[in-house]
Amino acid sequence: MSQLLEVRRQAGPHSQPYWERYEVADGCVTVADALDASASARVTAAGKRVEPLVWSGPCPTLDCGPCVLLVNGKLGYACVTRIDAVARPGKPLRISPLARLGVLRDLLVGSDGLRSNRARLSAWVDSSVDHTAQRAAARQLFSSCTECGACVEACPEGGAFV
């Protein structure tokens, strides 16, 4: 049995978004597999030829973060989100880009705003208190950020950072 995907597409940053359905074969285990199959097939579930689907994966450098998406409205990494774990019987798997980072095209989002404001995150470390170990831990945490934008998407105040 195949899986039906409903993918939010957008031709460019200033274009109107729209939903397109794709049917993917049983061999797809993860959301990334399904997106790759849809991008390669270049045909919708209705048989219409379309431009290839654009997204931030698969990651050739194994740098976690770029493939984070909304899968059925929840954050998930396409590379590890198993279709059988998120599929809803009789309903398509809905895949959309992170809303707060700005869509460049289809599922590809821009993280320039996040990158340019990342330095501001160090303000969260209280510099008035000399807790060297805490400050070192905070620096380590921020230095391991992959800039995927999941934190901004999940945070109720996240829009302020981009």
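First, a word on scope: everything that follows refers to the structure included in this document. Small disclaimer: the values here were computed from a predicted structure and weren't measured. (Residues numbered from 1 in each chain as written. Predicted model: local features only at pLDDT ≥ 70, side-chain atom pairs only at ≥ 80, totals over all residues. Heavy atoms only, no water.)

### Focus: the environment of A32
As for its placement among the helices and strands, A32 is situated in helix α1 (residues 31-41). What makes A32 buried here is its relative accessible area of 8%. A32 sits 47 residues away from C79 along the chain, and the two C-alpha atoms are 5.0 Å apart. Once residues within four sequence positions are removed from consideration, A32 is found in contact with W55, A78 and C79. (Helix = DSSP H or I, 4+ residues; strand = E, 2+ residues; numbered from the N terminus. Buried < 20%, exposed > 50% of the residue type's maximum accessible area, 1.4 Å probe, protein only. Contact = heavy atoms within 4.5 Å.)

### A look at the pattern of salt bridges
A side chain with one charge may pair with a side chain of the opposite charge, provided their charged atoms come close. All chains considered together, the criterion is met by 6 salt bridges. Across the salt bridge formed by E20 and R9, the nearest N and O atoms sit 2.9 Å from each other. With E20 in strand β2 (residues 18-24) and R9 in strand β1 (residues 3-9), this pair connects stretches of sequence that are 11 residues apart. For the pair shown, E20 and R9 are each scored as buried. When the shortest N-O distance is used, the salt bridge between R82 and D84 registers 3.0 Å. (Salt bridge = Lys/Arg side-chain N within 4 Å of Asp/Glu carboxyl O.)

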